[in-house]
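The chain contents come next:
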Amino acid sequence: MQKQKPKNDFAPRYRFGWRTRIVLGIAIILITGISFWVTRPSDPFAHLRATSAEDRDRLAYITNDNQLRIYDPYDHTDTLLAENVHHFIIAPTGQIAYTLKGVDDNIYVMDSYAPSEQPIMIPNENSLYMDYWSPDGQYLIFHPPLNEENHVLFLWDGDEIRNILSPEMTFPLHIRSFFAWNYDGILFLSFGSGDDTQLFTWDGEVFMPLDLAIEGFIVHVEWSENGQLLIVTSTATDTALDTNTIYVWDGDDNLVSVASGWYPFAVRWVDEGTRIAFKMEVNTPYYSHQYVIWDVTTDTIVRRIPLTDDFNVAGRGGPSSAYLLSEDLIVSTALAGGVSVYVDIYDSNGEHTFFTVAGSFTWSDDGFLAYCQNIADVGWNLALWDGTETIYVATSHNRTISWQNGGFLNCSSG
């Protein structure tokens, strides 16, 4: 008689074939992934993120031990570029011009995407200051110390340094001078101030004087992606408050004043060249502020975003201010004592999304917040908020920090 196997009361009563087990395994993986996707924090800056590696904004900075490094917030790589660096400026193309600390006065240029390549050395016999890169990385503008005797504006074109001002251009580079490159390589320059302001464009070869009927002191210039120049002027005097005027020049013959009489400030483009945003004061129903999205083609309001008490960080102390990060996100700040400020981020519905105390801060084009945080027994830390979490990048006290596409800060106590 065949011997029976002992009965196992814990044996499964149902057995599945190998096909069924595979299907069940895939289902479990899908359910787990969907559950994680549903519960993970949403990225409020998803619409600003770069879609290709070459379009990523990266954060270049100098550490406390004078290393020049560059941090990629997408993959969190942190690359050493050079040692013993004193100061740098970075172009949108990734080229970096820098000077060395206590070695010589020369300027060195390197490609941050190829750090192993030998940098180009530019002799700096005139103790020049680095100013601006053109957007395409073709030109580097710099000048000697500003004073009434300097009638020169030097440019490096990849081969040589030359003064691009002609002999008849004898005006000084005043402290109120402004420079702005557009996306086609045209440089806008203003020299002097007030009634003595002179405006020019430079196309890489010659200067063209501009006869634009603007009033007041220029306080902000900014090109749009489609080649329109935003010019903001102020008529502030010793006895009157600021009255800012917004002009838009189409790069040709047309100059228009927009949003007249609205007392705007914190003005900026918010798209490729049809809409601007600015903060303004309103007196009804009570004294407050609001953000306005303005269509420059029709000279009309597209949207209002009230800045209620929720945006004024009530209870945090000190005067507060706010500005628009994108059409959906508002940054509100208030003094926190010393050089620090409270930084609160809200969406346009007033929902609070982030808070920190920062010494200073700046945003990348694709929505990453870089800021300085003073930590006891450590000192100034360079931190980054990516919309969902905070990453501590390095300790950096009184050193240059800059996003590749613009926006810079310096972590210090004064």
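Computed from a predicted structure; not experimentally measured.

Attention now moves to the overall build of the protein. Across its full length, the protein carries one helix and 33 strands. For the protein, with 414 residues in total, the buried portion stands at 43%. Summed over all atoms, the accessible surface of the protein reaches about 22,600 Å², with 51% contributed by carbon and sulfur.

Excluding glycine, a negative phi dihedral is what most residues carry, and trans is how most peptide bonds are arranged. Backbone geometry at Asn84 places phi at a positive 55 degrees, although glycine is not the residue there. Residue position: Asn84 is located in the loop between strand S3 (78-82) and strand S4 (85-90). For Asn84, a relative accessible area of 31% gives the class partly exposed. Its identity is not glycine, yet Asn398 carries a phi of approximately 55 degrees, on the positive side.

Bringing the state of the cysteines into the picture now. Linking two cysteines covalently via their sulfur atoms produces the bond known as a disulfide. With the rule as written, the count across this model stands at one disulfide. With its sulfur 1.9 Å from that of its partner, Cys372 forms a disulfide with Cys411. Since a negative S-S torsion denotes a left-handed disulfide, the Cys372-Cys411 link at about -80 degrees is left-handed. One end of the pair, Cys372, is in strand S29 (residues 369-375); the other, Cys411, is in the segment after strand S33 (408-410), with 39 residues separating them in the sequence. Given a relative accessible area of 0%, Cys411 falls into the buried group.

The subject of this paragraph is the confidence of the model for the protein. Detailed reading of the predicted coordinates is not advisable wherever pLDDT is low. The pLDDT averaged across the protein works out to 78; a share of 74% of its residues lies at or above 70. Note that pLDDT drops below 50 for residues 1-16; the model gives that stretch one contact with residues more than four away or on any other chain. Predicted confidence for residues 312-319 stays below pLDDT 50, and this span has 22 contacts to residues more than four positions away or in other chains.

So, on to the pairing of strand S13 (residues 187-191). Burial runs high along S13: five of the five residues are buried. Connecting strand S12 (residues 178-181) to the next strand, S13, in antiparallel fashion are five residues, including Gly185 with a positive phi near 85 degrees. When S13 meets strand S14 (residues 198-202), the two strands line up antiparallel, connected through five bridges. The partner of Phe191 across the bridge, within S14, is Gln198. Remark: six residues form the turn of the hairpin made by S13 and S14, two consecutive strands paired antiparallel; Gly192 in that turn has positive phi of roughly 85 degrees.

The next point concerns the pattern of salt bridges. Going through the model one piece at a time under the given rule, you end up with five salt bridges. With a shortest N-O distance of 3.5 Å, Arg56 and Asp75 are connected by a salt bridge. Of the two residues, Arg56 is situated in the loop between helix H1 (18-39) and strand S1 (59-62) and Asp75 in the loop between strand S2 (68-71) and S3; the sequence distance between them amounts to 19 residues. The exposure class assigned to Arg56 is partly exposed, which follows from its relative accessible area of 23%.

The next point concerns the pairing of strand S17 (residues 229-234). Counting buried residues in S17 gives six out of six residues, a clear majority hidden from the surface. Because side chains alternate across S17, one face comprises the buried residues Leu229, Ile231 and Thr233, and the other comprises Leu230, Val232 and Ser234, equally buried. Taken together, the six bridges between strand S16 (residues 217-223) and S17 define a ladder with antiparallel strand orientation. When the sheet's bridge partners are listed, Phe217 is paired in S17 with Ser234. In sequence, S16 turns back onto S17 through a hairpin of five residues, with Gly227 there showing a positive phi of about 90 degrees. Direction of pairing for S17 relative to strand S18 (residues 244-249): antiparallel, over a ladder of six bridges. When the bridges of S18 are listed, Ile231 appears paired with Tyr247.

All right, on to the side chain of Thr356 then. With respect to the helices and strands, the residue Thr356 is situated in strand S27 (residues 352-358). At 3.3 Å, the side chain of Thr356 and the side chain of Gln373 are in polar contact. If near-sequence neighbours (up to four positions away) are discounted, Thr356 is found in contact with Val341, Tyr342, Val343, Tyr371 and Gln373.

Here is what the cut-offs are and how they apply
- Residues numbered from 1 in each chain as written.
- Predicted model: local features only at pLDDT ≥ 70, side-chain atom pairs only at ≥ 80, totals over all residues.
- Heavy atoms only, no water.
- Helix = DSSP H or I, 4+ residues; strand = E, 2+ residues; numbered from the N terminus.
- Buried < 20%, exposed > 50% of the residue type's maximum accessible area, 1.4 Å probe, protein only.
- Areas by Shrake-Rupley, 256 points an atom, 1.4 Å probe, with all protein chains shown as cover.
- Disulfide = S-S within 2.5 Å.
- pLDDT = per-residue confidence, 0-100.
- Contact = heavy atoms within 4.5 Å.
- Pairing = 2+ DSSP bridges.
- Salt bridge = Lys/Arg side-chain N within 4 Å of Asp/Glu carboxyl O.
- Polar contact = N/O pair within 3.5 Å; in protein donor to acceptor, adjacent residues only side chain to side chain.

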